[in-house]
Amino acid sequence: MSDASFVDTLGVHGGTAEDGTAHLRLDATDQHLNEAGTVHGGVLATLVDTAMGRAVRSRTGESDVPATSQLTVTYLRPGSPGTLEVTGRISKQGEHLTVCEAEVAQEGRTLVHAVATFAVLHR
C-alpha cells in the first residue's frame, strides 16, 4: 500500500493555501483524459474540490475538518494535456458552514467554475 494520497497519485503539485485562498497545479497528461481526448470531468471536479477544501482548511483550527456538503461544477470549455492552474477561495464563512468558489484555468482561459458548501466539523 502506498503512502501517497489520492491527489498525490493524480499528480497535483505546487499547492499553497493561506488566509482563505488556495492554489494548486496539475500537469495533465494522457492519463487524465476521457475517451473524447479532453481532461476528464472527474479530474476537474477533484481539482476544484481539493482547492476549496484547502482554502477552508487555511482558516480553521488544527482539529477542524472541512467536509464537502454540496458541489456544483460548471464546465465552460474542454481541457487538453498541459498545465492546469486551480484557485479556490472562501466566499462566505460561518461557524459551521463555509461557501467557496474555484476556477480551473489553462493558458489563461477558464475551463471550470465551481461553487461549494463545506460543513466544518469541529473535533
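Residues numbered from 1 in each chain as written. Predicted model: local features only at pLDDT ≥ 70, side-chain atom pairs only at ≥ 80, totals over all residues. Heavy atoms only, no water.

## Overview of the side chain of Gln106
By the secondary structure assignment, Gln106 is in strand 5 (residues 97–106). Excluding residues that lie within four positions of it along the chain, Gln106 makes contacts with Gly79, Ser80, Pro81, Gly82, Thr83, Leu84 and Leu111. (Helix = DSSP H or I, 4+ residues; strand = E, 2+ residues; numbered from the N terminus. Contact = heavy atoms within 4.5 Å.)

## A closer look at the environment of Ile90
Looking at the secondary structure, you find Ile90 in strand 4 (residues 82–93). Relative accessible area serves as the criterion here: at 14%, Ile90 is assigned to the buried category. In this structure the C-alpha to C-alpha distance between Ile90 and Arg54, which are 36 residues apart in sequence, comes to 9.9 Å. Not counting residues up to four positions away in its chain, the partners in contact with Ile90 are Gly20, Ala55, Val56, Arg59, Thr98, Val99 and Cys100. (Buried < 20%, exposed > 50% of the residue type's maximum accessible area, 1.4 Å probe, protein only.)

## Quick look at helix 2 (residues 41–57)
Structural remark: α-helix, 3.6 residues per turn; residues separated by three or four positions point the same way. With 17 residues, helix 2 ought to run about 24 Å at 1.5 Å a step, and its terminal C-alpha atoms sit 24 Å apart, in line with that. By the criterion of burial, helix 2 is predominantly enclosed, with 12 of the 17 residues buried. If you check which residues of helix 2 are buried, you get Val43, Leu44, Ala45, Thr46, Leu47, Val48, Thr50, Ala51, Met52, Gly53, Ala55 and Val56. (Expected span 1.5 Å × (residues − 1).)

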